[in-house]
Amino acid sequence: MKLKLIVTFLLITVIGFAQNKGTITGSLTDKDLNNESLPFANVVLKGTSIGVTTDETGKYSISAESGTYTIQFSFLGYETIEEKVEVKAGETVTINKALGSGSYQLKDVVIQNTVSREKETTLLMEQKKAVEIKQSIGAQEMSRKGVTDVASAVTKTTGITKQEGSGNIYVRGLGDRYNSTTMNGLPLPSNNPSKKNIKLDIFTTDIVESIGIDKTFNYKNFGDFAGANIDIVSKNYKGKGMFEAGFEVGMNTLVISQSDFYLQDGPNFTGFTNNTYPSDPFSSYSFNTSWNKERKTPVNNSVFLRGGDTYTIGENGKLGFFANASFENEYTFREGISNSSINAQGVPRRSFTFESFNYNTNTTLMGNINYKINAKNSLRFNTMLINSSSQKHDEYIGVIDIFDAATEGGGFVRRSNFDRTTLNVNQLLGDHKLTDKINFNWGVSYNTVDNIVPDRMFNTFIPIDDNNISVLQISNNNSSENHRYYQELNDDELAANFAVDYKFKKDTEGEYKGKVTLGYSGRFKTVGFEAVQLNFNVNQLVTQPVIDLNNIDGYFNQNSIDATYFEITSFNGGLTPQTFDGEQNIHAGFGAIEYQFSPKLTVIVGTRVESVYQYLEWYTNLNPNGESTYEKIEVMPSTSIKYALNDKQNLKFAASKTYTMPQFKERAPFQFEDVNENFVGNPDLYASTDYNVDLKWEFFPKTSELISVTAFGKYIQNPINEATIASAANDISYVNTGDKAIAIGGEFEIKKVLFEVDSDNKESLTAGFNASYMYNNQDFNSDKVIDETDLNVFFTEKEGKLTGASDLLLNGDVSYFKAFSNKRDFLATVTYNYFSDRVYAIGTNARGSLVDKAVGTLDLILKSNVSENIALGLSVKNILDPTVERIQETQDVIVETYKKGMNIKFSVTYKF
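What counts, and where the lines are drawn
Residues numbered from 1 in each chain as written. Predicted model: local features only at pLDDT ≥ 70, side-chain atom pairs only at ≥ 80, totals over all residues. Heavy atoms only, no water. Helix = DSSP H or I, 4+ residues; strand = E, 2+ residues; numbered from the N terminus. Rg over C-alpha atoms; globule rule 2.2 N^0.38 Å. Buried < 20%, exposed > 50% of the residue type's maximum accessible area, 1.4 Å probe, protein only. Contact = heavy atoms within 4.5 Å. Areas by Shrake-Rupley, 256 points an atom, 1.4 Å probe, with all protein chains shown as cover. Lys, Arg positive; Asp, Glu negative; His and termini not counted. Charge placed at Lys NZ, Arg CZ, Asp CG, Glu CD. Pairing = 2+ DSSP bridges. Salt bridge = Lys/Arg side-chain N within 4 Å of Asp/Glu carboxyl O. Axes fitted to C-alpha atoms, helices over the stretch in contact; angles between N-to-C directions.

1. Things to note about the overall build of the chain
Working step 1: Per the secondary structure count, the chain includes eight helices and 51 strands.
Working step 2: The C-alpha atoms of the chain give 31 Å as radius of gyration, which agrees with the globular expectation for 912 residues (29 Å, within 12%).
Working step 3: Each principal axis of the C-alpha atoms in the chain carries an extent, and together these give about 120 × 60 × 55 Å.
Working step 4: Out of the 912 residues belonging to the chain, those deemed buried represent 55%.
Working step 5: For the chain, the share of sequence-separated contacts (at least 6 apart) that also reach a separation of at least 24 residues comes to 70%.
Working step 6: Accessible surface, the chain: about 37,100 Å² in total, of which carbon and sulfur atoms supply 54%.
Working step 7: Positive and negative side-chain charges of the chain, numbering 87 and 110 respectively, have mean locations separated by a distance of 11 Å.

2. Side note on unusual backbone geometry
Working step 1: We note that asparagine 184 has phi near 55°; this positive angle belongs to a residue other than glycine.
Working step 2: Take asparagine 184: it is sitting in the loop between strand S13 (180-183) and strand S14 (186-187).
Working step 3: When its relative accessible area of 13% is taken as the criterion, asparagine 184 is described as buried.
Working step 4: Of note, the phi angle at aspartate 455 is positive, near 90°, even though the residue is not glycine.
Working step 5: Considering the arrangement of structural elements, one finds aspartate 455 in strand S25 (residues 438-463).

3. Side note on the sheet that holds S14
Working step 1: Spatial strand order, S10-S15-S16-S13-S14: five strands in an open sheet with mixed pairing. At either margin of the open sheet sits one strand with a lone partner, and together these are strand S10 (136-138) and S14.
Working step 2: Of the pairings in the sheet, the one linking S10 to strand S15 (residues 208-214) comprises three bridges and is antiparallel in character. Each bridged residue has a counterpart across the sheet, and for isoleucine 137 the counterpart in S15 is isoleucine 211.

4. Here's the deal with the pattern of salt bridges
Working step 1: As enumerated under the stated definition, the model contains 35 salt bridges in all.
Working step 2: We note a salt bridge from glutamate 395 to lysine 293, for which the minimum N-O separation is 2.9 Å. One end of the pair, glutamate 395, is in strand S23 (residues 377-399); the other, lysine 293, is in the loop between strand S18 (262-263) and strand S19 (294-295), and 102 residues separate them in sequence.
Working step 3: Judged by relative accessible area, which is 12%, glutamate 395 ranks as buried.
Working step 4: By relative accessible area, which is 24% here, lysine 293 ends up partly exposed.
Working step 5: The partner of lysine 784 in a salt bridge is glutamate 788, with the nearest N and O atoms 3.1 Å apart.

5. Quick notes on the sheet that holds strand S4 (residues 51-53)
Working step 1: Pairing is antiparallel across the open sheet formed by four strands, whose spatial order is S4-S3-S6-S7. Both outer strands of the open sheet, S4 and strand S7 (81-87), are each paired with one neighbouring strand and no more. Adjacent strand axes in the sheet meet at a mean angle of 20° when their direction is disregarded.
Working step 2: Here four bridges tie strand S3 (residues 42-45) to strand S6 (residues 67-74), and the two strands are oriented antiparallel to one another. Within S6, the residue paired with valine 44 across the bridge is glutamine 72.

6. Examining the environment of alanine 819
Working step 1: If you trace the backbone, alanine 819 turns up in strand S43 (residues 808-819).
Working step 2: Residue classification places alanine 819 among the buried positions, given a relative accessible area of 8%.
Working step 3: Along the chain, alanine 819 and serine 764 lie 55 residues apart, while their C-alpha atoms are 9.2 Å from each other.

By themselves, these figures tell us nothing about what the structure is for.
Below, the structure is given as structure tokens:
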């Protein structure tokens, strides 16, 4: 009886409290993004412990006892809005609000004064909502992991590695030719005649809001795709005025271990040098740069200035701007072994030890203006200038040619090269909500690239005889063994995107279930390339003097010309350059239907049709006059399907057909020379056809957590590869090596909050891990190459792996964050990256394939806001300093081996 009375009393009490409560509901939208829903915003009743966050659709609901409250709406990086509200028992009050960017400053150590879409949680939310299979890395995650350029950033995501010594990436084993690069959805040109894509490491993360990695084809992107489209989203500042300045100083452990650091004469500290050849180099010696190397003080440093502000214009308008200026440089050093032209018996024709001195610079100027005219219309203008330079001075000592040059060793080969790229990007984008059903967005861009190699110097010296290998004289085997080389590439490109979305058929909650998209894309490119090589042709009829390696100018001068030791020549006897000029026009129409068949199932079916035209003409020493035209209509269907298993899990599927175009340089019969490799184009090269399929399961336990598993497959018809052709110099060319290639694999990713303390002194420990495992194979058909081209190739094997493809890729990171107050905090991150063995070049003529051996790298990043205005940072990268090694399989001979050393940097940032 007593128990019955207690239960009755409790029920009456609970019912009484419930009857005394009311409800506040509503939704929050983003005023700066045409009133899109604003998920994960904070809604609290001030002065109480009652509060919630909005769901994925921006909706919220709060229960409270009767009374008058102040309800507060806030979101990271946005204004805070407060409003009085009266709650009555049993009644529901609806309050809808639109939030715009405000003056709130992030207290997170990683980013200050930034829009929330740089945050990991927001990008995970967008990934969860998307029908397509998406992956992104934002500015917050990039900063936490200590990456400073876009190439390094994307390697922190699943299934992507970077080629050693370059800014080029491999996605699921597919290299440069299979990937594409865009900025804000518009294409970027290449800075290298050998490559399709611009080097991603010239983009510093200072200018990046986020990077989207689409490994499945999107009908809005150009169809020259099989690996991934990398979309760099530039910063779009929101908030009150801010200005920051900072600097970094650092060193490389191998560099500082050298007693002297050498570079060539000519290029300056900033990397803006542009030297040129004499107007008449044949009648007299009149070069304005020295052959002698120069000592440098190798200290790595960087400086930056950045700022932004927003202004209200009229009742609904807002104008924001962001500007960034930065300069950074880096000195690196390598030494090791380099062998080349290794025969079937495992004997290298050329065998060296080498030292490589490197100096790189990057200067970036960027500005953007974002004008929100009203809630339905916005415009955005971006402009960017990047000047990047790479200076490399290499010295090789050993056997130049086992048959006829320094056969017992002692030969000396020196190559000094300066490569400078100036990229200018200009974009204008618009977004217009014409009606409740119709959206129109567009973008146009004009980009220019100027890539120069102003004065590459190449020397070859040999011992006087085998008994005096330390006494050197100039080599006279062929005229190009001592030369100066000048190159310029100009790439101008106009591009445009236009798309109209039409929404139809509302559901019971008033949300549209369907959308039709129609659009047009155009890309119009012109490329001009020219090169002049001045050879120092040695006179074999006179006795040559001894060379002093510390004073090479003592030989190359007017006195030596007068003494008839050498003469200066070119391939055509004059200064008429070798050239190739190209034009590429792509017109594309696309359409898609997206429909939500049920709350769980959404399907997108799209098609893209491209008219591709590529014209190339050339004048080279291999083919004095020639031209080639490629034309084709490509039809590319695609589909994306999303099935929501529940509110935290998705199952996604994507399939598409695409193509892979050969690049201009790959089709131009021009010879590019390196110390151990020569490359020559193939005019008969043609496009590959690609079929892609992905299946992905995603689980989002919390807003900041993710677990995903992906299975993927690719089938490539007529794959393009680099292969050694039968020639006197064992040149490398580009050929359709076989009928097919396949790649099948799986990816796993997890992001987990290990512990988190929410308080004024926040503390957290987070971890991330991703892994990719892949099986890949392609067939090799020598008869196919011989039948389709004028080249002869004899593959060692009938099948093998894709170049650049590692079976296993691993990435891991652990981060600890501690806030001591609103102004003081500390962040420590450890990251690890591993790739297994991967093929660099396919074996031919009974020689094994060249394989880059597995490498693992470990980095440590420390950052701290020590006050409201000052932030400090320390990074130690490549802590394990593993040996980088390339071998020739079958013969099991080392081709190249070296170490890179550790890079240590200290940074200071001051916020005004």
